[in-house]
Amino acid sequence: MSRYQVQVTDTYARGAQRPWSTVRRVLAEESGPCLTPVLIRFGRLRRWIACGRRLPHDRQCRNCCPRIVVTEVRRITA
Ligand SMILES: [Zn+2]
């Protein structure tokens with residue numbers, strides 16, 4: 001499983017319901033090698049690539065499918 005730990009900072013104007021700026025920072029990333037690589041062919045050239053670079057999320061192996069964990073949400077009024 002690819003796991004990303006993300007910090008989110010929302011900046012609000014005074015009295016506003018929605019933030020005018022949202023910044024997401026990736027603090028850490030953990031991943032392993034692909035468990036089900038996909039064979040790609042370009043003419044005579046063949047190459048195995050990670051399924052996460054080719055397949056939609058629901059068909060990716062558990063090492064390629066990303067999991068996003070929001071570790072901290074900061075709300076700033078500016
Ligand atoms: Zn994979």
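Look up a bit, the structure's there.
Everything numeric here is computed off the predicted structure, so don't read it as measured data. (Residues numbered from 1 in each chain as written. Predicted model: local features only at pLDDT ≥ 70, side-chain atom pairs only at ≥ 80, totals over all residues.)

Draft legend 1. Fine view of the pairing of strand β1 (residues 2-12). In this structure, β1 lies alongside strand β5 (residues 66-77), joined through 11 bridges in parallel fashion. Along β5, the bridge assignment pairs Gln7 with Glu72. As defined by bridge partners, β1 adjoins strand β2 (residues 21-30) across nine bridges and the pair is classed as antiparallel. Bridging across to β2, Val8 finds its partner in Arg24. (Pairing = 2+ DSSP bridges. Helix = DSSP H or I, 4+ residues; strand = E, 2+ residues; numbered from the N terminus.)

Draft legend 2. Molecular detail of the environment of Cys34. Along the chain, Cys34 falls in the loop between β2 and β3 (38-42). Taking the C-beta count within 10 Å as the criterion, Cys34 has 18 such neighbours and is therefore assigned partly exposed. As for Cys34 and Arg59, which are separated by 25 residues in sequence, their C-alpha atoms are 12 Å apart. Not counting chain neighbours up to four residues away, the residues in contact with Cys34 comprise Ala50, Cys51, Gly52, Cys61, Asn63 and Cys64. (Buried ≥ 20, exposed ≤ 12 C-beta atoms within 10 Å, placed from the backbone. Contact = placed C-beta atoms within 7 Å.)

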